[in-house]
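# Structural description and commentary
Each chain, written out:
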Amino acid sequence: MTVYVLGLDGADWSLLRPWIDAGQLPAFEQVLHEGVSGDLKSTLPPVTFPAWKCYSTGKTPGKLGVYEWFNYDRSTHEIAANDASDFRSREYWDVLADDGYRTGVVNMPTTHPPDAQDGVFVVAGSPATERKQFTSPASLKAELLDELPNYRVKPNLVLSEATPDELVDEAQTLFEQRFNAATWLADAYNCDLVHTTLFATDTLQHRLWDRPAKLRTMYEQIDALLADLLSRDDAEAVVLMSDHGFTEIDEVFLVNQWLVDRGDLVIEDTETHELLATVGLTEERLKWLVGRLGLVNLAQSFIPEAVQRLFPSESGRVAIQDVDLNWGETKAVSLGRGPIYINNDAFEDGAAKQAYVRELTEAIETLETPAGEPVAAVVHNPADIYTGDCVRGPDLVVEYTTGVDAPESVGGDVFGETTEWLATHRRTGIFAAWGDGIAEGTVDLDLYDLTPTLLHNTNTAVPEDIDGEVRFDVLAGKFADRDVERGPPTARGRGAEQAGREVEKTLRELGYME
């Protein structure tokens, strides 16, 4: 028997429940009617990196050492993309493997480069590519492609140039491949648990939020695949979850441009982007040409990242990672939608730095959008929301007001910019579970609670350094009454193999970077 965990990246009840109530998603309705469901509170910031690993480890970013897509090295001032090797913890499927269980993982972001222990079978998610090694063990790749020869990790189109119908068709192709890979792993390797992530839900919601009929078509296909999963003889239980939720963008706030205008972030003079824009060579035109010529796969493989990052956006915006910062004068920089890092070298001593942190916190907390709404709901001290040593951690974590999107690019207006995204993340995602040993009713969970609850439900000791709790209100039967057994910690050091450049390349393709 197999427990299937289906991760729907960015899924939000505000979309799903009206369709469920209207009878348009009968498999989802079955899970909610016969099982347990509720809201799932994500981490801060509610972003793919680190949210998926918060789920699979049960830990806050402070113990993982990853807080967003990018990290900042205070000693060298280097800004680099994170990958799977940067996370400082084993995952719950590793703990299950220690106890003799066999598990599969399909397409989860943060699993590249794949490096699984015996008993864990990983088909990595983006930025992996089927043209290179994307499975662990390595031998799994040939077996998977023999079973599913058309399996692809990434969409075979330029997202920003594709029509809504092309986006939906491509997503549906990828969804079917993910489900087929998951059930194949379960059958071929007799897996006790298989996790599968559908990432294109996030990709399409960013771009098609104003076209709910298209999004419904996407979820109707997921519903049909879910129905097949529920009917499998080996389906002991099915768990649905999302790493975060979604909401319409009400305002775009360029936080780093705001820091530039304050004099807190100083950029070195450069002429490269201006020269390319002057002669008409922009990021958008490069993407259009690649899409028209049908060279997406070729471009992904052979156009160096160092070349791609030279092309400016037609809006004039540039990703903060692509500009030369004057670290002799820069005081602060925002990396991603929340974390702000302070440059220690810009201050005479710790007291001067803390005075600046207090002033910056107050400035953000009192900042308003042109519509008079607060930009931030809360500006957090990381020590108040994270556990652990917070290695490489930010000095502030901004929890933006729901509907405020805060990309890290510079070069535009502080407010009022438009991007290829129509919707952004919010902290509240979805949770539902169905099957043997699963309760009925409504419960709300934290993202960190899933790992200890899944481990407890398989009669496996819960690592002592996990932050989440076993949620007995999700369970029924013997495990709902059994005391929690504690096991050894799962903390570890950073891995050796890194793929930061591949992560950065994928972020540009998805629209997370200019």
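Now for a look at the structure at hand. Every chain's residues receive numbers from 1 upward, in the order its sequence appears when written. Residue-level local features of this predicted model are given only where pLDDT is at least 70; pairs of side-chain atoms are given and counted only at 80 or more, and the full residue set underlies all totals for whole chains, interfaces and linings. Side-chain metrics in this entry use all non-hydrogen atoms of the structure; hydrogen atoms and water are not considered.

## What to know about the sheet that holds strand S14 (residues 376-380)
Pairing between strands is defined by DSSP: at least two bridges between them are needed. We count a stretch as a helix when DSSP gives it H or I for four or more residues in a row; a strand needs E for two or more, and each element gets its number in order from the N terminus. With antiparallel pairing, four strands are arranged side by side in an open sheet as S12-S13-S15-S14. Among the strands making up the open sheet, the edge pair consists of strand S12 (332-334) and S14. Averaged over all pairs of adjacent strands, the angle between their axes in this sheet comes to 20 degrees, without regard to strand direction. Here strand S13 (residues 339-342) pairs with strand S15 (residues 396-400) via two bridges, running antiparallel. Within S15, the position partnered with Pro339 by the bridge is Val397. Axis lines are fitted to C-alpha atoms, over the contacting stretch for helices. Their N-to-C directions set the angle, which ranges from 0 to 180 degrees.

## Comments concerning the pattern of salt bridges
For this document, the term salt bridge refers to a Lys or Arg side-chain nitrogen within 4 Å of an Asp or Glu carboxyl oxygen. One pass over the structure, following the stated rule, counts 20 salt bridges. For Lys53, the salt bridge is made with Glu91, and the minimal N-O distance between the two is 3.6 Å. With Lys53 in helix H3 (residues 48-57) and Glu91 in the loop between strand S4 (78-81) and helix H5 (92-98), this pair connects stretches of sequence that are 38 residues apart. Burial status follows relative accessibility: with a 1.4 Å probe on protein chains alone, a residue under 20% of its type maximum counts as buried, one over 50% as exposed, and anything between as partly exposed. Overall, the relative accessible area of 2% leaves Lys53 in the buried class. We classify Glu91 as buried; its relative accessible area is 10%. A salt bridge links Arg337 to Asp405, with the shortest nitrogen-to-oxygen separation between them at 2.6 Å. Separated by 68 residues along the polypeptide, Arg337 in the loop between S12 and S13 and Asp405 in strand S16 (residues 404-405) bring together distant segments of the chain. Of the two residues examined, Arg337 and Asp405, each falls in the buried class.

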